[in-house]
Amino acid sequence: MIHELLLALSGYPGTIFTWNKRNGLQVSQDLPFLHPSETSVLNRLCKMGTDYVRFTEFIEQHTGHVHQQEHYSSQPSQTGLHGIYLRAFCTGLNSMLQPYRQALLDLEKEVLGLEFTFEFQLLFPSVMVVVETIKSQKIHGCQILETVYKHSCGGLPPVRMALEKILAVCHGVMYKQLAAWMLHGLLLDQSEEFFVKQGPSAGGATAAQEEEEEDLGIGGLSGKQLRELQDLRLIEEENMLAPSLQQFSLRVEMLPSYIPVRVAEKILFVGESVQMFENHNQSPSRAGSILKHQEDMFAAELHRLKQQPLFSLVDFENLVDGIRSTVAEHLWTLMVEESDLLGQLKIIKDFYLLGRGELYQVFIDLASGNREGTTPPQETSPREAPPTGWAALGLAYKVQWPLHILFTPAVLEKYNVVFRYLLSVRRVQSELQHCWALQMQRKHLKSNQTDAVKWRLRNHMAFLVDNLQYYLQVDVLESQFSQLLQQINATRDFESIRLAHDHFLSNLLAQSFILLKPVFHCLNEILELCHSFCSLVSQNLGPLDERGAAQLDILVKGFSRQSFLLFKILSSVRNHQINSDLAQLLLRLDYNKYYTQAGGTLGSFGL
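Residues numbered from 1 in each chain as written. Predicted model: local features only at pLDDT ≥ 70, side-chain atom pairs only at ≥ 80, totals over all residues. Heavy atoms only, no water.

Engineer: Can you help me understand the overall build of the protein in this one?
Structural biologist: Each helix and strand counted, the protein has 21 helices and 6 strands in total. Burial status across the protein gives 50% buried among its 607 residues. Expressed as a percentage of contacts within the protein between residues at least 6 apart in sequence, the contacts between residues at least 24 apart total 76%. Summed over its atoms, the accessible surface of the protein is roughly 29800 Å², and 52% of this surface lies on carbon and sulfur atoms. (Helix = DSSP H or I, 4+ residues; strand = E, 2+ residues; numbered from the N terminus. Buried < 20%, exposed > 50% of the residue type's maximum accessible area, 1.4 Å probe, protein only. Contact = heavy atoms within 4.5 Å. Areas by Shrake-Rupley, 256 points an atom, 1.4 Å probe, with all protein chains shown as cover.)

Written as structure tokens, this is what we have:
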């Protein structure tokens, strides 16, 4: 009977120990010579044999390594599970069963001992929980690492040791994928099991959208818009994305909990950088090896970590940091020293950010042509893109490799958003200066009350626009650009450069109020009114007729209303201590308290 039992525990039932698909191995009920207590003990042993049979069934289904008897094998085609991590789990599971098989062989020569039964009676049910979890929840890819890891954190040493061995086998697959990705830029992941994927990330959730849209009572300013300024978040618009250059991202749901996201981000960066060099190997003499010919050393280190029985986050992150530092420093050298990043940034400042003021002054003068023949503008803003007109202007920048990873199409589009806004301010400022020149030409002529109103409005408009221009050029552009250059010169790490540049561009969008709809809309309305005023003056060099006086009255009221709204928004935000940028603009506009003394209203008849 002992031989029958050993065969059953090995997965081969007979007449004494039978197999049932629902209950597994059981002692036959037609044995009158067995006492009920003996039957109970034997059935407990049969439970262990049942787990063994189901382990081997699971392995056979997904690897084909273990042959099973046809009368109790299941149907592998119905599970839907697949992947290299699942096969690695099965390999580890099969390795865990080897001591059990060896013990059965030894017991053929010895008497069955209680120590054997106790060890595997504890182990098999715990491991079966892991197998059933994978089957029922269809655990896939690196999620298997997480499942095995969580179950290995239990207090039973045999269970922990067995699952740690299985986890080590599964880690072998991860290390192979990491080596291919980080050292060669290859994403070997046909079944979508790795935590790095091809394609952009899924994007942020909108669960808190309604909560963030509450009105704060600040001229229509919502909490979401204030947080956008405070957090310096960039506008995320579909037309600003660049999928071709955002080829890879993290598949966070596949990332095991014992590998922090910060480490995964470094892994993503290294692989993307290596792949970029592999895809642009047309200039190897210039670029060289991005890993400085240390691929073999890093591969050996990865192999050493693979051989460790337990995963060490400290060792793992140290190696990832070493590879990342090598890549980041090489990219810094290539960008800053060989591709003259600082020179390219100064060119961008000169053109996108209107650093070449004299160039754009000539451009505005030539593009405006005969100012007396200009027509009032249409209702558009710099962020809109009509088919023609000033708001459709933009710059095209041919980015050289490898600067394209910094100046992506999305980044250049944001620069164009800032460019159109700055150009609109500069253009209106130029038109107001031209009106002043016309005023100087006619100062010796007799003037009437309408002329006084007209020139007072021009002075107020110029006061606001000049201070806005000074704020944008000095407090925003020059200040932020100086900080950017300091940060670039203070590091030899490309990731630090990219982060500094992202913050620079984010700050430009935020501090110029492009991200804050109420302020941005109000400023655009003011610029539109100023342009309409300049058109009116240019078309009526002499005293205004009745129709012109009516138009002037509309402009005066409109400018007074918008200047008051701007003052109210800036003052309210300052009082809420939300954003220092708005307070700085208010300081520029109200440096001599003239704005405050006017009650926040400019252009009215009483001033």
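Next comes the rest of the description.
Engineer: Could you clarify how one ought to interpret the packing of aromatic side chains in this entry?
Structural biologist: Given two aromatic rings, one states the distance between the centres and the angle between the planes to describe the pair. Using the criterion set out here, one finds 16 aromatic pairs in the structure. Here F55 and F124 contribute two aromatic rings whose centre-to-centre distance is 5.3 Å and whose plane-to-plane angle is 85 degrees, an arrangement assigned as edge-to-face. Placement of F55 in helix α2 (residues 36-62) and of F124 in helix α4 (residues 114-137) is noted, with a sequence separation of 69 residues between them. Looking at F55, the relative accessible area reads 0%, which means it is buried. One aromatic cluster is present, formed by Y149, Y175, Y258, F311 and F316 through successive ring pairs. In this structure, K349 packs its charged tip against the face of F481, placed 5.6 Å from the ring centre. (Phe/Tyr/Trp six-rings, centres within 6.5 Å; stacked < 30°, edge-to-face > 60°. Lys NZ or Arg CZ within 6 Å of the ring centre and 35° of its normal.)

Engineer: So what exactly am I meant to see when it comes to the environment of L484 here?
Structural biologist: Mapped onto the fold, L484 is located in helix α16 (residues 449-489). Residue L484 is classed as buried on the basis of its relative accessible area of 1%.

Engineer: I keep staring at the nonpolar core and nothing clicks. Help me out?
Structural biologist: The tendency in soluble globular proteins is for nonpolar side chains to be buried as a group. F89 and F195 are the most contacted members of the largest nonpolar core, which has 155 residues in total. The element best represented in this core is α16, accounting for 16 residues. Each residue touching F89, except ones within four places of it in the same chain, is listed here: F58, V130, V131, I134, I144, V148, I166 and C170. (Core = buried A, V, L, I, M, F, W, Y, C linked by side-chain atoms within 4.5 Å.)

Engineer: How should the confidence of the model for the protein be read in this particular structure?
Structural biologist: Do not read the predicted coordinates in detail wherever pLDDT is low. Here the protein shows a mean pLDDT of 74. Residues at 70 or above account for 69%. Below pLDDT 50 for its whole length, residues 370-388 participates in 44 contacts with residues either more than four positions away or in separate chains. Predicted confidence for residues 574-578 stays below pLDDT 50, and this span has 6 contacts to residues more than four positions away or in other chains. (pLDDT = per-residue confidence, 0-100.)

Engineer: Would you mind showing me how to read the side chain of S249 here?
Structural biologist: With respect to the helices, strands and loops of the structure, S249 is situated in strand β6 (residues 248-250). A polar atom in the side chain of S249 sits 2.7 Å from the backbone oxygen of G199. (Polar contact = N/O pair within 3.5 Å; in protein donor to acceptor, adjacent residues only side chain to side chain.)

Engineer: Would you mind going over the pattern of salt bridges with me for this structure?
Structural biologist: Close approach of charged atoms allows side chains of opposite charge to pair. Under the counting rule described, the total for this entry stands at 17 salt bridges. The salt bridge partner of R262 is E317, with a shortest N-O separation of 2.9 Å. Remark: E317 occurs in helix α12 (residues 313-338) and R262 occurs in helix α9 (residues 261-279); sequence separation between them is 55 residues. Accessibility expressed as a relative area gives 47% for R262, which makes it partly exposed. (Salt bridge = Lys/Arg side-chain N within 4 Å of Asp/Glu carboxyl O.)

Engineer: I would appreciate a short explanation of the packing of helix α6 (residues 157-184) against α12 in the present structure.
Structural biologist: Geometry of a packed helix pair, given as the angle between the helix axes and the separation of the axes. The contact between α6 and α12 brings their axes to 12 Å, and the two run at 15 degrees. By the angle between their axes, α6 is roughly parallel relative to α12. For the crossing formed where α6 meets α12, the hand is right-handed. Contacts between α6 and α12 pair M174, Y175, L178, M182 and L183 from the former with F316, V320 and I323 from the latter. Broken down by class, the residue content of the contact of α6 with α12 amounts to 8 nonpolar, no polar and no charged. (Axes fitted to C-alpha atoms, helices over the stretch in contact; angles between N-to-C directions. Parallel < 35°, antiparallel > 145°, perpendicular 65-115°, else oblique. Left-handed = near helix turned anticlockwise from the far one by under 90°. Nonpolar A, V, L, I, M, F, W, Y, C, P; charged D, E, K, R; others polar.)

Engineer: Any chance you could explain the packing of helix α11 (residues 295-307) against α12 here in plain terms?
Structural biologist: At a minimum axis separation of 11 Å, α11 and α12 run at an interaxial angle of 165 degrees. Classified by the angle their axes make, α11 and α12 are roughly antiparallel. The handedness of the crossing between α11 and α12 comes out as left-handed. Here F298, E301, L302 and L305 of α11 lie close against α12, whose contacting residues are D315, F316, L319, G322, I323 and T326. Of the residues assigned to the contact of α11 with α12, the class counts are 6 nonpolar, 2 polar and 2 charged.

Engineer: What's the story with unusual backbone geometry in this structure? I'm lost.
Structural biologist: In most cases, non-glycine residues show a negative phi, while peptide bonds are predominantly trans. Residue D340 is not a glycine yet carries a positive backbone phi of 55 degrees. Locating D340 in the fold gives a position in the loop between α12 and α13 (341-351). A positive phi angle, close to 70 degrees, is found at F513, a residue other than glycine. We classify F513 as buried; its relative accessible area is 0%.

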